[in-house]
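Single-letter residue listing:
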Amino acid sequence: MTFLHVATGESSGWTGRGDSGTAVRMSAQVPGLGSILAGARLADDAQVKAQLAAQKDRVHERMRTVAAKIAVMSGKGGVGKSVTTVSLALALMRRGLRVGVLDVDLNGPCVAHMLGLQHGAFALGPNGAQPPVAYGIKVASLAFFLSDDAPVRFRGPRELSPVWLGAMEAGVVREMIADVEWGALDVLLCDLPPGAAADKPPLLLSLLPDLAGAVVVTTPSGVASEVVRKAVFYAHSLGIRTLGLVDNMRGVRCSHCGNEESLWGGDGAALASELGVPFLGSVPFDRALAQALDRGQPLFAVGNPTLARYDDMAAKLVAALASGLQARGEA
Amino acid sequence: MKFLCLKCEAYMTFQKVEEPAQGSLGVFFACARCGATFCMVTNPGETQLVSSLGVQLGGRTSAPAPFEMTRRMLDGAPTSAPESSAGEGLGRCPFGSVVKSMQAPAAPPLDWSPGAHARLGNIPEMVRPFARLQIEKMARERGMREVDETLLDEARDTFMG
């Protein structure tokens, strides 16, 4: 950033022009900044403050009709956050709830694919963007702006991207919340990218101050548990309540005999107990479910034991939400 | 961001935005009491940071279109505004022209004659990038392939009064 002294005021006593040195010399001759600021009147003539406030109002107005906003997060990558998000969304939908999914994993958006919306797109209108809907679930994802193999790339100087990328992503998430016609929803699940201390949880909290809490996903691996533990503490430090822990890929279910075999030997329930957070349940790696989501055709088979696990977790999640509302006197 | 006139002990007021060069913004502030004027010149990273706020310096005349910033800044996204708000497209955004120039193919680099290059080194470091951009802009407008000392003289007369 450079400052140019373009014009000197009348009788200002300022000398020289063209560089910031003038201003530096002047600053040594004036009283304390605190006393100046106390007497100066600030006008929002560039109207930046007003526009930022208006953005916040639009987020608030759009989210007014969404009862519970929930983050699905984990410190660890590859533990199945998106599978959990989609499976919980479908389970909540099976319970008759109105559900939306916001894919905050901007660089690896896959929720839309899993729900069969590979070719989905927002329909832009004067009151907002109509989200694609799959199985009754409204979805917002950056994937709807990208062609098949296109990575997420923002226009701008690449060599300076560490300076502006975070702010750009924050703007995109804000628009996905405020500009989408979510309508009345019982639950909005926000699928977060990996990272124990990433910027997305505080971003989400700043946009959704009434965030109901977080579903934290782990696997029974010692390495995953170690990182997920940090994520829970991080969320707690931000004031985000852990609604429950999901122990994903607890084992692998044999597609022939249905027997479950342990993969790592760890125990998510024990981790939840140690952390003092509710345990939502464990889910095996189910080849049929994984292949179905890869095809974008979620399973709906009645009696499927894995879906039953998600149904059970959805019931616990609804109970946790209800207790949270009761605690806040909103039920 | 606000600027304070230390002489008058008053906040300076926002005046206008200009695009002095590719990826750069000049934001002008003036003291309403003494008339002193300052211009803050941003580098491309800072310009991008301001763009990411999704605001228009000086205010808006209508509400932003859905996904206005995302469509403008995401590579490969459709940039056209919805029909219902066609008048609120990129044209009214103070960064619109900057963004367009960012999307445009980069101009071929200009050569500097040894004499002109040496004189560029005499310009204070703080304003040298801005001066270089302005001079190269002048050269391109005149169809020149090389910046020479004659052009520097003209630039000095133009910018320094």
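As a starting point, this report considers the structure included with it. Everything numeric here is computed off the predicted structure, so don't read it as measured data. (Residues numbered from 1 in each chain as written. Chains lettered and ligands numbered in written order. Predicted model: local features only at pLDDT ≥ 70, side-chain atom pairs only at ≥ 80, totals over all residues. Heavy atoms only, no water.)

1. As for the overall build of chain B
Next up, step 1: Secondary structure assignment for chain B yields 6 helices and 7 strands.
Next up, step 2: Starting at the N terminus and ending at the C terminus, chain B contains elements arranged as β-β-β-β-β-α-α-α-β-α-α-β-α.
Next up, step 3: For chain B, the residues scored as buried account for 47% of the 161 residues in total.
Next up, step 4: The long-range share in chain B, meaning contacts at least 24 apart out of those at least 6 apart in sequence, stands at 45%.
Next up, step 5: About 7,700 Å² of surface is accessible on chain B, with carbon and sulfur atoms providing 53% of the total. (Helix = DSSP H or I, 4+ residues; strand = E, 2+ residues; numbered from the N terminus. Buried < 20%, exposed > 50% of the residue type's maximum accessible area, 1.4 Å probe, protein only. Contact = heavy atoms within 4.5 Å. Areas by Shrake-Rupley, 256 points an atom, 1.4 Å probe, with all protein chains shown as cover.)

2. Overview of the sheet that holds strand S1 (residues 2-7) of chain A
Next up, step 1: Pairing is antiparallel across the open sheet formed by 4 strands, whose spatial order is S1(A)-S5(B)-S4(B)-S3(B). Both outer strands of the open sheet, S1 of chain A together with strand S3 (13-21) of chain B, are each paired with one neighbouring strand and no more. For this sheet, the mean angle separating the axes of adjacent strands, direction not counted, is 25°. (Pairing = 2+ DSSP bridges. Axes fitted to C-alpha atoms, helices over the stretch in contact; angles between N-to-C directions.)

3. Some words on helix H10 (residues 287-295) of chain A
All names here are of chain A.
Next up, step 1: Considered for burial, the residues of H10 that qualify are Leu289, Ala292 and Leu293. Seen end-on, H10 carries its buried residues on one side only, within an arc spanning 95°.
Next up, step 2: Residue Asp286 occupies the N-cap position of H10, its side-chain oxygen lying 3.0 Å from the main-chain nitrogen of Ala288.
Next up, step 3: One or two residues past the end of H10 sits Gly296, with phi positive at roughly 75°. (Arc of directions from axis to C-beta. Polar contact = N/O pair within 3.5 Å; in protein donor to acceptor, adjacent residues only side chain to side chain.)

4. So, the interface of chain B and chain A
Next up, step 1: Of the residues lining the interface, 61 residues belong to chain B; the matching set on chain A comes to 63 residues.
Next up, step 2: Surface buried jointly by chain B and chain A totals about 5,400 Å² across both partners, of which 68% is contributed by carbon and sulfur atoms.
Next up, step 3: If you sort the residues of chain B by the area they bury against chain A, Leu6(B), Phe38(B) and Phe67(B) come out on top, with a joint share of 13%.
Next up, step 4: For the interface between chain B and chain A, the tally reads 2 salt bridges.
Next up, step 5: The residue Arg155(A) makes a salt bridge to Asp75(B) at a minimum N-O spacing of 3.8 Å.
Next up, step 6: Viewed at the interface, chain A and chain B are joined by 12 residue pairs in polar contact (both at pLDDT 80 or more).
Next up, step 7: If you list the elements that add at least two residues to the side of chain B that touches chain A, you get strand S2 (10-11), S3, strand S5 (37-41), helix H1 (44-51), helix H2 (68-73) and helix H6 (149-160) of chain B. (Buried area = accessible area lost by both parts, 1.4 Å probe. Salt bridge = Lys/Arg side-chain N within 4 Å of Asp/Glu carboxyl O.)

5. Side note on the side chain of Ser225(A)
Next up, step 1: Relative to the helices and strands, Ser225(A) is located in helix H8 (residues 222-238).
Next up, step 2: Those residues in contact with Ser225(A) that lie beyond four places of it in its chain are Thr218(A), Thr219(A), Pro220(A) and Leu271(A).

6. Regarding the nonpolar core
Next up, step 1: Membership of the largest hydrophobic core comes to 93 residues, with the highest contact counts inside it found for Ile70(A), Leu102(A), Phe154(A), Ile177(A), Trp182(A), Leu189(A) and Leu204(A).
Next up, step 2: The residues touching Trp182(A), leaving out its near neighbours within four places in the chain, are Arg62(A), Met63(A), Val66(A), Gly100(A), Val101(A), Leu102(A), Lys138(A), Val139(A), Ala140(A), Met176(A), Ile177(A) and Leu188(A).
Next up, step 3: Listed in part, the 17 residues of the second largest apolar core include Cys8(B), Met12(B), Phe29(B) and Met40(B). (Core = buried A, V, L, I, M, F, W, Y, C linked by side-chain atoms within 4.5 Å.)

7. Points about the packing of aromatic side chains
Next up, step 1: Taken as a whole and judged by the stated rule, the model has 7 aromatic pairs over all chains.
Next up, step 2: One aromatic cluster in this structure is built from Phe122(A), Phe144(A), Phe145(A) and Phe67(B).
Next up, step 3: Above the face of the Phe28(B) ring, Lys16(B) is positioned so that its terminal group lies 4.7 Å from the ring centre. (Phe/Tyr/Trp six-rings, centres within 6.5 Å; stacked < 30°, edge-to-face > 60°. Lys NZ or Arg CZ within 6 Å of the ring centre and 35° of its normal.)

8. Focus on the state of the cysteines
As used here, a disulfide is simply a covalent bond connecting the sulfur atoms of two cysteines.
All names here are of chain A.
Next up, step 1: If you walk through the whole model with that rule in mind, you get 0 disulfides over all chains.
Next up, step 2: Its sulfur unpaired, Cys190 is 15 Å from the next cysteine sulfur, which belongs to Cys110.
Next up, step 3: Looking at Cys190, the relative accessible area reads 0%, which means it is buried.
Next up, step 4: For the unlinked cysteine Cys254, the closest cysteine sulfur is that of Cys257, found at 3.7 Å.
Next up, step 5: Its relative accessible area of 29% is what places Cys254 among the partly exposed residues. (Disulfide = S-S within 2.5 Å.)

Nothing here speaks to function; it is all geometry.
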